[in-house]
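The lines below spell out each chain.
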Amino acid sequence: MRWHKPSLKSIHSFWGQRARTEVVPEPATDGVRHAMLQVTPHIAAGEPYAALFARIQRAANLQALWYLRGDLMSAIASQYGEAAARQQVATITKLFVGLIPEARHLSAPDLRRKPHTPDA
């Protein structure tokens, strides 16, 4: 015998309400998303980057956008070089500070990469 496990959706439908499935973005999420999309039109023209562009558009929250920075960095670096990619991603990374726990340890010096100078 199989028991029916009630889900949140079925409880809502029991009371005559629809379960909320759409994502309501926060204003900060929209700002970060906009900044990331401002960089991607230049790289989104190519087929390999169309998926990244779509993932940025569909990201549900700031944390999802935070984890897309690495893919964005790779895409920019493949077309414009690592220096340009670091600069663009550092600008975007600053937008996360104070908004998500992952960015709390970042400070201005952490966002800049200092050139390596050999000791010799």
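The model shown is predicted, which means the values in this text are computed figures rather than measured ones.

1. Some thoughts on the side chain of Thr 29
Right, on to step 1. Its location among the elements puts Thr 29 in helix α2 (residues 27-39).
Right, on to step 2. Residue class for Thr 29 comes out buried when judged on its relative accessible area of 0%.
Right, on to step 3. For Thr 29, the contacting residues outside a window of four places in its chain are Asn 61, Leu 62 and Leu 65.

2. Brief notes about the packing of helix α5 (residues 69-80) against helix α6 (residues 82-94)
Right, on to step 1. It is at 7 Å that the axes of α5 and α6 come closest, and there the two elements cross at 150 degrees. Classified by the angle between their axes, α5 and α6 sit roughly antiparallel to one another. In the packing of α5 onto α6, the handedness of the crossing is right-handed. Contact residues: Arg 69, Leu 72, Met 73, Ile 76, Ala 77 and Tyr 80 in α5; Glu 82, Ala 84, Ala 85, Arg 86, Gln 88, Val 89, Ile 92 and Thr 93 in α6.
Right, on to step 2. Residues of the contact of α5 with α6, tallied by class, amount to nine nonpolar, two polar and three charged.

3. Thoughts on the nonpolar core
Right, on to step 1. One finds Met 36, Ile 56, Leu 65, Leu 68, Leu 72, Ile 92 and Phe 96 to be the most contacted residues of the largest nonpolar core, which totals 23 residues.
Right, on to step 2. When residues of this core are traced back to their parent elements, those giving at least two are α2, α3 (47-58), α4 (62-67), α5 and α6.
Right, on to step 3. At five residues, the largest contribution of residues to this core is made by α2.

4. As for α2
Right, on to step 1. Between the first and last C-alpha of α2 there are 19 Å, a value that for 13 residues agrees with the 18 Å anticipated at 1.5 Å per step.
Right, on to step 2. For α2, the set of buried residues is Thr 29, Val 32, Arg 33, Ala 35, Met 36, Leu 37 and Val 39.

5. Points about α5
Right, on to step 1. When the terminal C-alpha atoms of α5 are compared, their 16 Å separation across twelve residues agrees well with the 16 Å that a helix rising 1.5 Å per residue should span.
Right, on to step 2. Within α5 the residues assigned to the buried category are Arg 69, Leu 72, Met 73, Ala 75 and Ile 76. Considered in projection along α5, the buried side chains sweep an arc of 165 degrees and stay on one side of the axis.
Right, on to step 3. Downstream of α5 by a residue or two, Gly 81 has a phi angle that is positive, lying close to 100 degrees.

Here is what the cut-offs are and how they apply
Residues numbered from 1 in each chain as written. Predicted model: local features only at pLDDT ≥ 70, side-chain atom pairs only at ≥ 80, totals over all residues. Heavy atoms only, no water. Helix = DSSP H or I, 4+ residues; strand = E, 2+ residues; numbered from the N terminus. Buried < 20%, exposed > 50% of the residue type's maximum accessible area, 1.4 Å probe, protein only. Contact = heavy atoms within 4.5 Å. Axes fitted to C-alpha atoms, helices over the stretch in contact; angles between N-to-C directions. Parallel < 35°, antiparallel > 145°, perpendicular 65-115°, else oblique. Left-handed = near helix turned anticlockwise from the far one by under 90°. Nonpolar A, V, L, I, M, F, W, Y, C, P; charged D, E, K, R; others polar. Core = buried A, V, L, I, M, F, W, Y, C linked by side-chain atoms within 4.5 Å. Expected span 1.5 Å × (residues − 1). Arc of directions from axis to C-beta.

Geometry only, nothing functional implied.
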